[in-house]
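# An overview of the molecular structure
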Amino acid sequence: MDQKFPNFVPPTQVAFKPDGATTLHLRKCRIIVEIDGKRKEHTFEQSDITLGSSEDNTVTVSDDTVSRNHCRIYQAGNSYLVQDLSSTNGTFVNQVRIKEAYLKPGCTIELGNTRIQFQSFDEEVHINPLSDERFGDIIGASRDMRAIFGILEKISPSDATVIIEGETGTGKEVVANTIHKKSRRAEKPFIVFDCSAVPANLIESELFGHEKGSFTGAIMARPGLFELAHGGTVFLDELGELTSDLQPKLLRVLETREVRRVGGTRPMKVDVRVIAATNRSLEEEVRAGRFREDLFYRLSVVRLSLPPLRERREDIQLLARHFLNTGRFNRSDDGQRKVQTIGREVMEALRGYDWPGNVRELLNIMERAVSFADSDTITLADLPANLAESDHMQRLQTLGARITNQGRQTVDEMGNFKHAKEKWVSSFERDYIVRLLEKHGFNISHAARDAEIDRKYFRKLMKKYAIENPKTAETTTESE
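Report follows, based on the coordinates. (Residues numbered from 1 in each chain as written. Predicted model: local features only at pLDDT ≥ 70, side-chain atom pairs only at ≥ 80, totals over all residues. Heavy atoms only, no water.)

## Quick word on the overall build of the protein chain
Assigned secondary structure in the protein chain consists of 16 helices and 28 strands. Across the 480 residues that make up the protein chain, the buried fraction comes to 48%. In the protein chain, once contacts between residues fewer than 6 apart in sequence are set aside, the share between residues at least 24 apart is 58%. For the protein chain, the exposed area adds up to about 24300 Å²; of that, 47% sits on carbon and sulfur atoms. (Helix = DSSP H or I, 4+ residues; strand = E, 2+ residues; numbered from the N terminus. Buried < 20%, exposed > 50% of the residue type's maximum accessible area, 1.4 Å probe, protein only. Contact = heavy atoms within 4.5 Å. Areas by Shrake-Rupley, 256 points an atom, 1.4 Å probe, with all protein chains shown as cover.)

## Thoughts on the sheet that holds strand S20 (residues 233-237)
Read from one edge of the open sheet, five strands run S17-S20-S23-S16-S24, paired in parallel fashion. Every other strand in the sheet has two partners, leaving strand S17 (190-194) and strand S24 (302-305) as the edge strands with one partner each. When strand polarity is set aside, the average angle formed by the axes of neighbouring strands in this sheet is 20 degrees. Inspection of the sheet shows S20 paired to strand S23 (residues 273-278) by four bridges, in the parallel sense. In the sheet register, threonine 233 faces S23, and the bridge partner there is arginine 273. (Pairing = 2+ DSSP bridges. Axes fitted to C-alpha atoms, helices over the stretch in contact; angles between N-to-C directions.)

## What about the side chain of serine 300?
Topologically, serine 300 is positioned in the loop between helix H7 (293-299) and S24. For serine 300, the side chain forms a polar contact with the main-chain oxygen of phenylalanine 296, separated by 2.7 Å. (Polar contact = N/O pair within 3.5 Å; in protein donor to acceptor, adjacent residues only side chain to side chain.)

## A short note on the pattern of salt bridges
Taken as a whole and assessed by the stated rule, the structure comprises 25 salt bridges. Of the charged contacts, one joins arginine 72 and glutamate 255 as a salt bridge, the two residues approaching to 3.4 Å between their closest N and O atoms. Of the two residues, arginine 72 sits in strand S7 (residues 71-76) while glutamate 255 sits in helix H5 (residues 247-256), which places them 183 residues apart along the sequence. (Salt bridge = Lys/Arg side-chain N within 4 Å of Asp/Glu carboxyl O.)

## Thoughts on the packing of helix H8 (residues 316-326) against helix H10 (residues 358-372)
It is the contact of H8 with H10, at a shortest axis distance of 10 Å, that shows an interaxial angle of 50 degrees. By the angle between their axes, H8 is oblique relative to H10. Read as a crossing pair, H8 and H10 show a hand that is right-handed. Contacts from Ile316, Leu319, Ala320, Phe323 and Leu324 of H8 reach H10 at Val359, Leu362, Leu363, Met366 and Val370. (Parallel < 35°, antiparallel > 145°, perpendicular 65-115°, else oblique. Left-handed = near helix turned anticlockwise from the far one by under 90°.)

## Some words on the packing of aromatic side chains
Applying the stated criterion to the full structure yields seven aromatic pairs. Geometrically, the ring pair formed by phenylalanine 135 and phenylalanine 149 is stacked, given 6.1 Å between the ring centres and 25 degrees between the ring planes. Of this pair, phenylalanine 135 sits in strand S14 (residues 134-135) while phenylalanine 149 sits in helix H1 (residues 143-155), and the two are 14 residues apart along the sequence. For phenylalanine 149, a relative accessible area of 0% translates into the label buried. Consider the rings of phenylalanine 190 and phenylalanine 235, whose centres lie 6.2 Å apart with planes at 15 degrees: the pair is stacked. Here phenylalanine 190 is found in strand S17, whereas its partner phenylalanine 235 is found in strand S20, with 45 residues between them in sequence. Over the aromatic face of tyrosine 74 sits the side chain of arginine 72, whose NZ or CZ is 4.0 Å from the ring centroid. (Phe/Tyr/Trp six-rings, centres within 6.5 Å; stacked < 30°, edge-to-face > 60°. Lys NZ or Arg CZ within 6 Å of the ring centre and 35° of its normal.)

## What to know about the nonpolar core
Leu207, Phe226, Leu236, Leu239, Leu250, Phe291 and Leu299 are the most contacted members of the largest nonpolar core, which has 32 residues in total. Residues within four places of phenylalanine 226 in sequence aside, it is in contact with Leu207, Phe208, Val234, Leu250, Val253, Val259, Val270, Val272 and Val274. Listed in part, the 26 residues of the second largest apolar core include Phe323, Phe329, Val339 and Ala349. (Core = buried A, V, L, I, M, F, W, Y, C linked by side-chain atoms within 4.5 Å.)

## Focus on the pairing of strand S12 (residues 108-111)
What you see with S12 is no split at all: Thr108 and Glu110 on one side and Ile109 and Leu111 on the other are buried throughout. Two elements, strand S9 (residues 91-93) and S12, share three bridges in a ladder whose sense is antiparallel. Its bridge partner lying in S12, phenylalanine 92 is registered against glutamate 110. Where S12 meets strand S13 (residues 114-127), four bridges bridge the pair, whose relative direction is antiparallel. Bridged to glutamate 110 within S13 is arginine 115.

## Describing unusual backbone geometry
Notably, serine 86 is not glycine yet its phi reads approximately 55 degrees, a positive angle. Its location among the elements puts serine 86 in the loop between strand S8 (79-84) and S9. Its identity is not glycine, yet tryptophan 355 carries a phi of approximately 50 degrees, on the positive side. By relative accessible area, which is 0% here, tryptophan 355 ends up buried.

Here it is, written out as structure tokens:
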């Protein structure tokens, strides 16, 4: 773990390095409070903290010269600022009284008789991919997914706000739910709000609640989702759809941890962790002026990007079998599994498809296949036409057609049964091995694993059919 103290703090981010290493850069700030010669250190991952003599502050300062709500330290962009909250005796930075000021690491803040040293830093945490093929409810054996498991293991126990980015169907809600279950809030509510599924004029009421008579149809007072989630987690799905007039209201809740119902006058404290998800690039939305920059930085204490399924094809077989094993759609009334296995040609089709709908589409395909299956094995006939006719399957079908055409030869041309069978099998084996090697860039280990045959036997087949490896420009032999 390496700590640096720059003049500004970059956003928390995950970095995948060329050598395969994964690092998590966490932005943090540290304040050292000194009262009557006594020093107390506080380190924070959140981007907004308040200081004052009242116990409802992030840091309580026991000093009669400090106001109940004296000042706040918050992050805007890549910088930290301090803002005086109309305190009686004022807030000073390096002996200069301020209303609001940028903070440089190492500067001194004075609140009454209390001196505070401020530091900001980027903490680089080296993430080791977990060896397990699942973390909570998330399934994956690829290196990228296991690296994400390592990150989730680090951040889940904290209260850090998280933004999960990724294409539709990559499993953002599953990740958010897993973070909640692995946190200290696991026994408290996990409440999901889809910003794209509620009319814009009702979102404020849904999130923050409303008082009786505050608008037409408000026949009784109603708590909002932030109140209902008190002590737990609010998951804001499709955050990029939040309208511009609601963004500052959400920002205020994140800054103050208070909500005010529509039509209400009294703010209420809420203790919630916020996790947000979007299939848009919020950085691009900020540049386009459609998303507030200060809200973006307030939310992105940790930013996590989920890879699409086409970039982790080695997880497809694992996920497909998991859905068969656990899906209620594959259970009969007596609890027995309807379908037991997936045909090899089906698995080839699944691996060769690009999955624009990602994991959600794979789940839907498996459910459909089970409903169409006439036996305990899923076959190509049980898949949708667009998947069965993918580029990869077309190559297999071409191979099948070639063998079928050989069957149209005369009996005299084919010879006896044994000779004809051996010829067909040899033709299939050679084409199959070549296609697999091309698919995996002539990586023999990967190709053998994909074919689910022993690597030594795979090499033997290459030698048998004199298949050359273009990387070595010579015929592959047993000793390679």
